[in-house]
Amino acid sequence: MAKIHVTTTINGEPMEYLCEPDDTMLDALRGPLGLTGSKEGCASGDCGACSITVDDRLVCSCLMLAAEAEGHELRTIEGMADGERLHPLQQKFLEQAALQCGICTSGMLVASDALLRKNPDPSEEEVRFWLAGNLCRCTGYDKIVRAVLDAAAEMREATREAAQ
Amino acid sequence: MNLVTNNKWIGQRTIRPDGMDKVTGRAQFAADTTMPGMIWGKVLRSPHPHARIRGIDTSKAEKLAGVKAVVTSRDIVDFTIEKGAVMLGIQDMRWMCRNVMARDKALFPGHPVAAVAATTEAIAAEACKLIEVDYEVLPWSIEIEDAILPDAPILHEFNRWEGKPSNIMSRIEHKKGDLTEGFASADIVIERTFTTRPVHQGYIEPHACLISVAPDGKTTIWSSSQGQFMVRAMTSMLTGIPQSDIRAIPAEIGGGFGGKTIVYLEPLATMLAKKSGRPVKMVMTREEVMRATGPTSGSRSTVKIGVKKDGTITAAHGTFYLQAGAFPGSPIRGAAGCSFTPYDIPNLLSEGFDVCSNRSKVAAYRAPGAPIGAYAVECVMDEVAGALKMDPLDFRLKNAAKQGTKAAHGPTFPRIGYIETVEAAKSSPHYAAPLGEADKTSGKVRGRGVASGFWFNAGGESSAQVNITEDGNVVVTTGHPDIGGSRAGIANICAELLGIDYRRVSVIIGDTQTIGFSNLTGGSRVLFASSMVVTQSAEKVIQTLRERAAKIWNIDPEAVKWEQGAAHPVSPNAGQFEPLTLKELAEKAPAMGGPIGAGVQLNTQGADGGFGTHICDVEIDTELGIARVIRYTAVQDVGRAIHPGYVEGQLQGGVAQGIGWALNEEYIYTREGKVDNPGFLDYRMPVCSDLPMLDCIMVEVPNPKHPQGVKGVGEVPLVPVMAAVANAIHNALGLRFYSLPMSPPKVSAALDAGVRQAAE
Ligand code: FES
Ligand code: FES
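The residue numbering used here restarts from 1 in each chain and proceeds along that chain's sequence as written. Each chain takes a letter, starting from A, and each ligand takes a number, starting from 1, following the order in which they are written. The model is predicted, so local features are restricted to residues of pLDDT at least 70 and side-chain atom pairs to those at 80 or more, both for listing and for counting; the totals for chains, interfaces and linings are taken over all residues. Heavy atoms throughout the structure, all of them, feed into the side-chain values; hydrogens and water do not.

Undergrad: Help me understand the interface of chain A and chain B in this model?
TA: Many analyses report the size of an interface as the accessible area lost when the parts associate. Between chain A and chain B, the contact holds 41 residues from the first and 51 residues from the second. By buried area we mean how much accessible surface two parts lose on assembly, using a 1.4 Å probe and totalling the loss over both. Buried surface at the junction of chain A and chain B, both sides included, amounts to about 3800 Å², of which 61% is carbon and sulfur. Note on definitions: salt bridges are taken to be side-chain nitrogens of Lys or Arg within 4 Å of carboxyl oxygens of Asp or Glu. At the junction of chain A with chain B, the criterion picks out 4 salt bridges. What qualifies as a polar contact is a pair of N or O atoms within 3.5 Å, subject to a donor-acceptor requirement within protein and to the restriction that residues adjacent in sequence count only when both atoms come from side chains. Here chain A is connected to chain B by 21 residue pairs in polar contact (both at pLDDT 80 or more). Going along the chain from the N terminus, every DSSP run of H or I of four or more residues is numbered as a helix, and every run of E of two or more is numbered as a strand. Of all elements in the fold, only α2 (88-95), α3 (105-118), α4 (124-130) and α5 (142-163) of chain A reach the threshold of two or more residues within the side of chain A that touches chain B. A breakdown of the residues in the side of chain A that touches chain B according to their chemical character gives 19 nonpolar, 10 polar and 12 charged. Here a residue-residue contact requires only that any non-hydrogen atoms of the pair lie within 4.5 Å. By the convention adopted, Pro, Cys, Tyr, Trp, Phe, Met, Ile, Leu, Val and Ala count as nonpolar, Lys, Arg, Asp and Glu as charged, and the other residues, Gly among them, as polar.

Undergrad: What's the story with the domain arrangement of chain B in this structure? I'm lost.
TA: Residues and elements named next belong to chain B. For the domain bounds, the source is a domain assignment made automatically or taken from a database. Taken domain by domain, chain B holds domain 1 (33-138 + 205-254 + 260-292), domain 2 (389-457 + 608-759) and domain 3 (458-604). One C-alpha centre belongs to domain 2, the other to domain 3, and the line joining them spans 40 Å. A buried area of about 1100 Å², summed over both sides, lies between domain 2 and domain 3, and 61% of it is on carbon and sulfur atoms. One can count 7 residue pairs in polar contact (both at pLDDT 80 or more) joining domain 2 with domain 3. In terms of residue class, the side of domain 2 that touches domain 3 is made up of 7 nonpolar, 8 polar and 2 charged.

Undergrad: I tried to follow the nonpolar core on my own but got confused; where do I start?
TA: Generally speaking, soluble globular proteins have nonpolar side chains that are buried together. Throughout this description, the term nonpolar core refers to a set of buried Ala, Val, Leu, Ile, Met, Phe, Trp, Tyr and Cys residues connected via side-chain atoms within 4.5 Å. Think of it in three bands: with a 1.4 Å probe and only protein chains considered, a residue is buried below 20% of the maximum accessible area for its type, exposed above 50%, and partly exposed in between. Counting 183 residues, the largest nonpolar core has A:Phe93, B:Ile305, B:Tyr632, B:Ile659, B:Val725, B:Ile729 and B:Met742 as its most contacted members. For this core, the leading source of residues is helix α11 (residues 370-388) of chain B, giving 12 residues. The contact partners of B:Ile729, leaving out residues within four places of it in the chain, are B:Val618, B:Ile620, B:Ala627, B:Leu663, B:Gly734, B:Leu735, B:Phe737 and B:Met742.

Undergrad: Got a minute to help me understand the confidence of the model for chain B in this structure?
TA: Detail in the predicted coordinates should be disregarded across regions flagged by low pLDDT. What pLDDT reports is the predictor's confidence in each residue, on a scale of 0 through 100. Chain-level pLDDT for chain B is 97 on average; 99% of the residues reach the 70-or-more range. Predicted complex metrics record ipTM = 0.98 and pTM = 0.97.

Undergrad: I'm lost on the side chain of B:His568 in this one. Help?
TA: Here B:His568 shows up in strand β25 (residues 566-569). Leave out the neighbours within four places in its chain, and B:His568 touches B:Trp553, B:Ala559, B:Val560, B:Lys561, B:Glu563 and B:Pro579.

Undergrad: Looking at this structure, I do not really get the sheet that holds strand β30 (residues 694-699) of chain B. What am I missing?
TA: What holds strands together in a sheet is hydrogen bonding between their backbones, with the strands either parallel or antiparallel. All names here are of chain B. We treat two strands as partners when DSSP finds at least two bridges between them. Here we have 4 strands laid out as an open sheet, ordered β20-β28-β29-β30, and mixed in their pairing. The open sheet has two edge strands with one neighbour each: β20 (444-455) and β30. Each strand axis lies, on average, 15 degrees off the axis of its neighbour in the sheet, ignoring direction. Where strand β28 (residues 610-621) meets strand β29 (residues 626-637), 10 bridges bridge the pair, whose relative direction is antiparallel. Note that in β29 the partner of Val618 across the bridge is Val629. For helices, the fitted axis covers only the stretch in contact; all axes are lines through C-alpha atoms, and the angles between them, taken along N-to-C directions, range from 0 to 180 degrees.

Undergrad: Whenever I open this one, the environment of B:Ser537 confuses me. Can you help?
TA: Residue and element names in this part refer to chain B. Inspection of the secondary structure puts Ser537 in helix α16 (residues 526-553). Its relative accessible area of 0% is what places Ser537 among the buried residues. Along the sequence, Ser537 and Asn467 sit 70 residues apart, while their C-alpha atoms lie 9.1 Å from each other. Those residues within four positions of Ser537 in sequence are excluded, and the remaining contacts are Ala464, Val466, Ala598, Gly599 and Val600.

Undergrad: Honestly, the packing of helix α3 (residues 93-100) of chain B against helix α7 (residues 228-239) of chain B in this entry has me stumped. Any pointers?
TA: Describing two packed helices takes the angle between their axes plus the distance from one axis to the other. Residue and element names in this part refer to chain B. Two numbers describe how α3 lies on α7: the axes approach to 11 Å, and their chain directions differ by 80 degrees. Put simply, α3 runs roughly perpendicular to α7. Every residue of α7 that contacts α3 at Met93, Met96, Cys97 and Val100 is listed here: Met234, Met237 and Leu238. A per-class count over the contact of α3 with α7 returns 7 nonpolar, no polar and no charged. Any angle from 65 to 115 degrees is called roughly perpendicular, while one under 35 is roughly parallel, one over 145 is roughly antiparallel, and all others are oblique.

See below:
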């Protein structure tokens with residue numbers, strides 16, 4: 001079986017890779033691309049540990065074929081911090097102890113970021129329903145929800161200040 | 001006890017040492033590494049619940065292009081049954097060797113029968129299909145009721161119970177007083193039977209490992225587990241490679257909850273690597289995790305409690321049957337030993353029965369056995385309080401265990417904090433708040449329930465090394481994998497003792513060849529045990545620092561004190577010297593006697609048990625039968641919260657798991673005896689939108705036998721949950737559920753039956 005050559009953009013960088021026709025995007029990220037921040041908890045779209053965005057749309061990379069990335073813009077956890085500067089969500093997760101084992105954390109952060117891009121001022125309920133596709137077995141979600149709400153508030157404040 | 005007051009770092013919500021790696025995707029979990037020349041291993045598993053293996057032919061698989069090695073039970077060291085138990089911790093290697101690879105019989109669907117290593121995962125999977133196994137399919141049983149029948153299919157023919165072949169493998173009992181007399185003196189006696197289903201620990205990270213065996217036998221294991229030393233010891237015993245040749249490196253672990261306290265893949269990958277001469281990586285699928293790794297037991301419990309009219313418990317009797325799965329070893333000790341422990345009961349019999357059946361071997365799950373027993377006991381406690389027309393917390397207070405109470409499992413309690421948890425629950429804002437009105441027009445009703453729980457907590461072996469770097473900072477190495485933030489606790493303690501900023505303390509988990517033996521991350525032992533050895537190591541380091549300063553100042557070491565990260569003369573009488581900081585002393589180290597560091601290894605003692613009391617509010621949609629937890633408060637005696645954020649995290653995580661166990665989670669089996677819901681879609685763990693915020697009240701009754709007052713916290717929070725939810729549902733509906741989970745179909749059916757009854 002011939003491998004497929006894919007040209008895409010990941011975290012703002014142009015990338016190329018070869019994949020099998022049945023490789024998932026998660027296989028490609030974790031394999032040839034070496035981006036192991038996205039995790040595999042189920043490979044069936046049920047845990048969200050593999051969350052990435054494709055053209056700003058939140059997807060489970062385990063449900064996407066690696067070949068489908070051709071020509072799209074992907075973002076993964078590895079592209080979330082701006083160099084040494086953490087994204088406010090990452091900072092709040094640390095400050096609020098919103099991770100225990102950390103295996104769900106990449107997916108949670110990517111999913112939360114996608115939420116705040118769409119809705120900078122979510123209610124607790126909106127956060128809970130948006131993150132319902134991301135399983136966390138350690139935290140009971142309490143601190144995760146708080147961290148997302150706090151980060152959202154801080155980001156709104158920053159936007160307001162920047163506007164003034 | 002030298003309990004430090006006015007702490008700068010103990011009790012602070014500092015940033016955890018491994019946090020940055022985990023929020024940026026850098027942290028390396030078990031499946032995140034590769035090695036040059038690496039190939040892939042896959043396991044062939046039995047499709048049958050029970051079958052004799054008459055033969056295995058691997059020749060076709062071996063001939064497939066790309067296949068590099070095949071292993072079967074012939075490659076795994078046999079611990080013969082006749083020679084008797086060979087224990088490693090609580091695990092008998094006779095069962096472990098048969099669990100990692102079936103020998104004469106396959107005992108559950110998913111039981112490994114062979115493993116293959118090949119250049120790609122696809123080839124390895126293909127090769128598994130080419131292995132021919134000659135099975136003689138046998139009758140099987142899964143449920144306890146079936147497995148204890150006189151004519152049940154027997155898993156282990158050697159086993160006798162009351163003189164006959166049986167699946168009842170053992171019994172444990174705790175006894176106190178005279179049961180007959182106790183019940184005779186009671187005014188009210190209530191006896192009920194409860195069942196629970198097997199539930200999985202549900203860690204998001206599947207089991208995985210990467211192993212290389214060099215031609216000289218030197219073995220490197222990269223895997224995630226709750227104990228790199230357990231991995232080393234079990235792999236050594238099952239492969240025959242000496243422990244000194246096995247370096248087990250603890251990867252970051254993506255959840256364990258007890259389920260990663262035994263090995264599944266490591267011995268197989270080691271033998272595949274040895275045979276092929278190539279590093280072998282193995283990663284379980286979620287389905288394999290669900291089918292072949294340990295859920296906890298399903299159970300059948302009968303609990304009888306007798307009380308006087310004034311609410312004094314006179315007697316109690318509990319009988320707990322727990323499914324062990326394919327091999328003996330269900331957590332009957334936790335069920336029989338913990339369930340009545342919050343109460344001072346003069347006449348008590350608590351019995352546990354270990355029952356094998358054709359299901360994967362149980363693995364520990366957060367306070368193993370205790371939540372199962374507590375569910376039954378705490379529900380009966382609620383019924384008794386109802387019959388007495390007493391507030392359920394007052395009823396518990398009236399019978400509460402306290403200092404001097406003799407627990408049925410042995411100890412006479414030192415100062416314990418159970419009463420404090422009940423009182424804190426009683427005076428909590430939650431208990432004081434009214435339930436609030438549900439939307440009655442849409443058929444919703446609300447209820448509130450409470451429950452308590454106990455877990456033993458453990459100490460045990462722990463090792464630490466505290467080193468001062470050449471630039472005057474600190475590296476602490478311990479030997480217990482950190483699942484939930486224990487490194488953050490260690491950093492706080494070390495910074496406190498050395499009087500420096502916590503960010504100057506780096507905390508790492510050593511591998512088996514770089515740090516001394518440390519027991520499993522389990523039994524809620526980690527912060528208790530490791531902070532003891534870290535404290536003693538840090539104290540030795542401080543002693544060295546004082547001696548160095550004394551030498552420089554040419555005064556007696558006793559005249560030097562260590563404060564705020566520097567050596568000072570104890571008083572002006574000792575001499576007038578500028579303080580010498582850690583940094584300065586580190587710089588001078590080469591000339592003043594060499595590197596500064598100390599290690600301590602101990603079998604830590606004095607872990608006090610832990611108590612918790614929970615309050616749960618539910619709202620039930622009576623049309624759909626859906627119960628939702630709308631408010632929850634967990635109160636626990638945590639001894640001393642070294643890092644409150646991660647202590648709360650333990651409480652909240654345990655509560656969430658308990659809510660899942662109470663309302664949705666269960667193993668469902670097909671008529672063929674296979675798990676029918678081996679994925680997250682059908683095995684329904686709580687998601688974010690299922691839960692409310694989970695409130696925590698940390699009661700701090702310091703452990704007098706610990707330098708910082710620490711008690712284990714991780715396991716207690718799961719113990720009371722199912723009963724708290726069940727009691728809340730009873731309060732809402734006036735209906736009591738005697739089996740878990742209280743899932744929508746069950747609640748609907750009960751409501752329909754209730755309505756029918758009322759109509760008849
Ligand atoms: S691994 Fe993709 S959703 Fe679980
Ligand atoms: S922190 Fe462990 S699964 Fe979320």
